[in-house]
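# Structural description and commentary
Chain by chain, the residues run as shown.
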Amino acid sequence: MPTLSRLVALSTVAILGVAGQALAHAQLTKNVPADKATVATSPAELDLHFSEELDIKFSGVKVTGPDKAMVKTGDAMLMDEGKTLMVPLPEMLGPGAYAVEWHVLSTDGHKTNGTYGFTVKP
Ligand SMILES: [Cu+2]
């Protein structure tokens, strides 16, 4: 027969277990260009490094430039044992502010998303 304190302890473990899984979702750990970075030349690609392995079919980015114009991106590829999403930028980026909206599905079946931005120097 479990005591009340034992039940409390067990449910605490259960809650911590769920929180631990939440932390295990793919988090963006590093990106190039970095968030709020100013780059002198147009980057040839975007690199997004994640904490978990990704499923390429459900992972991608949307890039918008000055005046919210869509930026053409090449086919995204996975590198670094599936943890890095590499997105080619086939066209030169003109000076201005760019926003990168990313969404990924990690191989544990969880989705995460976020936004960051960088600036190409005039
Ligand atoms: Cu997860």
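All values reported here derive from a predicted model rather than from experimental measurement.

Cis geometry marks the peptide bond from V32 to P33, where omega comes out at -5°. Mapped onto the secondary structure, P33 falls in the loop between β1 (28-32) and β2 (37-39). Phi is positive for E81, close to 55°, though the residue is something other than glycine. Relative to the elements of secondary structure, E81 occurs in the loop between β5 (77-79) and β6 (84-88).

Turning our eyes to something else, we now look at the coordination of the copper ion. For the copper ion, the full set of protein donor atoms is H25 (NE2), D108 (OD) and H110 (ND1), and the range of their distances to it is 1.9 to 2.6 Å. Among the residues examined, D108 registers a relative accessible area of 37% and is labelled partly exposed.

We now examine the pairing of strand β4 (residues 60-64). With 4 of its 5 residues buried, β4 lies for the most part within the structure. Sheet analysis places β4 next to strand β7 (residues 96-105), joined by 5 bridges and oriented antiparallel. From the neighbouring strand, K62 faces β7, where its bridge partner is E101.

Applying the stated criterion across every chain, the model contains 2 aromatic pairs. Look at F50 and W102: their rings are 5.0 Å apart centre to centre, the planes differ by 70°, and that puts the pair in the edge-to-face class. In this pair, F50 sits in strand β3 (residues 45-50) while W102 sits in strand β7, placing the two residues 52 residues apart along the sequence. Using a relative accessible area of 4% as the deciding quantity, one classes F50 as buried. When the centroid spacing of 5.7 Å and the interplanar angle of 15° are considered together, the rings of Y98 and F118 count as stacked. One end of the pair, Y98, is in strand β7; the other, F118, is in strand β8 (residues 111-120), with 20 residues separating them in the sequence. F118 carries the same exposure label as Y98, and that label is buried.

Analysis parameters
Residues numbered from 1 in each chain as written. Predicted model: local features only at pLDDT ≥ 70, side-chain atom pairs only at ≥ 80, totals over all residues. Heavy atoms only, no water. Helix = DSSP H or I, 4+ residues; strand = E, 2+ residues; numbered from the N terminus. Donors = N, O, S within 2.8 Å, 3.2 Å for Na, K, Ca; no water. Buried < 20%, exposed > 50% of the residue type's maximum accessible area, 1.4 Å probe, protein only. Pairing = 2+ DSSP bridges. Phe/Tyr/Trp six-rings, centres within 6.5 Å; stacked < 30°, edge-to-face > 60°.

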